[in-house]
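# Summary of structural features
Each chain, letter by letter, is given below.
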Amino acid sequence: MNGSGGSCSSLMEVAYDDDHHHGHHDDELHVLAVDDNLIDRKLVEKLLKISSCKVTTAENGIRALEYLGLGDQNQHIDALTNNVMKVNLIITDYCMPGMTGFELLKKVKESSNLKEVPVVIVSSENIPTRVNKCLASGAQMFMQKPLKLADVEKLKCHLMNCRS
């Protein structure tokens, strides 16, 4: 019992603090950022946090679906009710191993619970056919990497306008 309880409580404080340091919880967007590249993921997370969004990250499409309650095992009813209402936006990389951002987009749009959640696809290549394919399948926007703060701010304004 030498201090192991202490480290636990400090962890709790950090998690709690992280969630509540913006008083306006209602207009705080909760974004799910999906990217297999750690550096890209950290960048997106940082930009979103600067724009005072709450961020959850996933390293691939499968993890993202699990988080959203669309995993292969459908005992995720709890996850569904807990997370879906809270995720206001999904930002996903296009090229990822296992499941592309496009496949993730299609899964989200096929789900009756999630199809209203805007999905933004990011890619380092600006290939018109790819962009059009994503937009035709319901993507809110297609953005080119590396993302800049201005991109995130623009996106946020766009979403706020959509919601009001």
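Quick notes on the rules
Residues numbered from 1 in each chain as written. Predicted model: local features only at pLDDT ≥ 70, side-chain atom pairs only at ≥ 80, totals over all residues. Heavy atoms only, no water. Helix = DSSP H or I, 4+ residues; strand = E, 2+ residues; numbered from the N terminus. Buried < 20%, exposed > 50% of the residue type's maximum accessible area, 1.4 Å probe, protein only. Contact = heavy atoms within 4.5 Å. Areas by Shrake-Rupley, 256 points an atom, 1.4 Å probe, with all protein chains shown as cover. UniProt positions renumbered as here; feature names shortened; annotations may be inferred. Polar contact = N/O pair within 3.5 Å; in protein donor to acceptor, adjacent residues only side chain to side chain. Phe/Tyr/Trp six-rings, centres within 6.5 Å; stacked < 30°, edge-to-face > 60°. Lys NZ or Arg CZ within 6 Å of the ring centre and 35° of its normal. Core = buried A, V, L, I, M, F, W, Y, C linked by side-chain atoms within 4.5 Å.

## Comments concerning the overall build of the chain
What the chain contains, in helices and strands, is 7 helices and 5 strands. Counting from the amino terminus, helix and strand elements in the chain follow one another as α-β-α-β-α-α-β-α-β-α-β-α. Among the 164 residues that make up the chain, the fraction classed as buried is 40%. Expressed as a percentage of contacts within the chain between residues at least 6 apart in sequence, the contacts between residues at least 24 apart total 60%. With the model as given, the accessible surface of the chain reaches about 9500 Å², and the carbon-plus-sulfur share is 55%.

## Considering the environment of Gly 61
Looking at the secondary structure, you find Gly 61 in helix 3 (residues 61-67). Owing to a relative accessible area of 0%, Gly 61 belongs among the buried residues under this scheme. Taking the C-alpha atoms as reference points, Gly 61 and Asp 36, separated by 25 residues in sequence, lie 8.7 Å from one another. If we skip the residues at most four places from it in the chain, Gly 61 touches Val 34, Met 96, Met 99 and Leu 104.

## Topic: the UniProt feature "modified residue: 4-aspartylphosphate" (unreviewed entry) in the chain
UniProt feature "modified residue: 4-aspartylphosphate" (unreviewed entry): in the numbering of this structure it lies at Asp 93. Mapped onto the secondary structure, Asp 93 falls in strand 3 (residues 89-93).

## A short note on the environment of Asn 37
Take Asn 37: it is sitting in the loop between strand 1 (30-34) and helix 2 (38-50). You can call Asn 37 partly exposed: its relative accessible area is 32%. In sequence terms Asn 37 and Cys 95 are 58 residues apart; their C-alpha atoms lie 9.9 Å from each other. A distance of 3.1 Å separates a polar side-chain atom of Asn 37 from the backbone nitrogen of Asp 40.

## A look at the packing of aromatic side chains
The tally for this structure, following the rule as stated, stands at 0 aromatic pairs. The ring of Phe 102 carries the charged tip of Lys 133 above its face, separated from the ring centre by 4.3 Å.

## A few points about the nonpolar core
Within soluble globular proteins, side chains that are nonpolar generally end up buried alongside one another. Membership of the largest hydrophobic core comes to 23 residues, with the highest contact counts inside it found for Leu 32, Val 34, Ile 90, Ile 121 and Cys 134. Every element with two or more residues in this core is listed here: strand 1, helix 3, helix 5 (101-110), strand 4 (119-123) and helix 6 (128-136). The greatest single-element share of this core, amounting to 4 residues, is contributed by helix 5. Not counting residues up to four positions away in its chain, the partners in contact with Ile 121 are Thr 92, Tyr 94, Gly 101, Phe 102, Leu 105, Cys 134, Ala 139, Met 141, Phe 142 and Met 143. If you look at the next biggest cluster of nonpolar residues, it comprises 18 residues, including Leu 29, Cys 53, Val 55 and Val 152.

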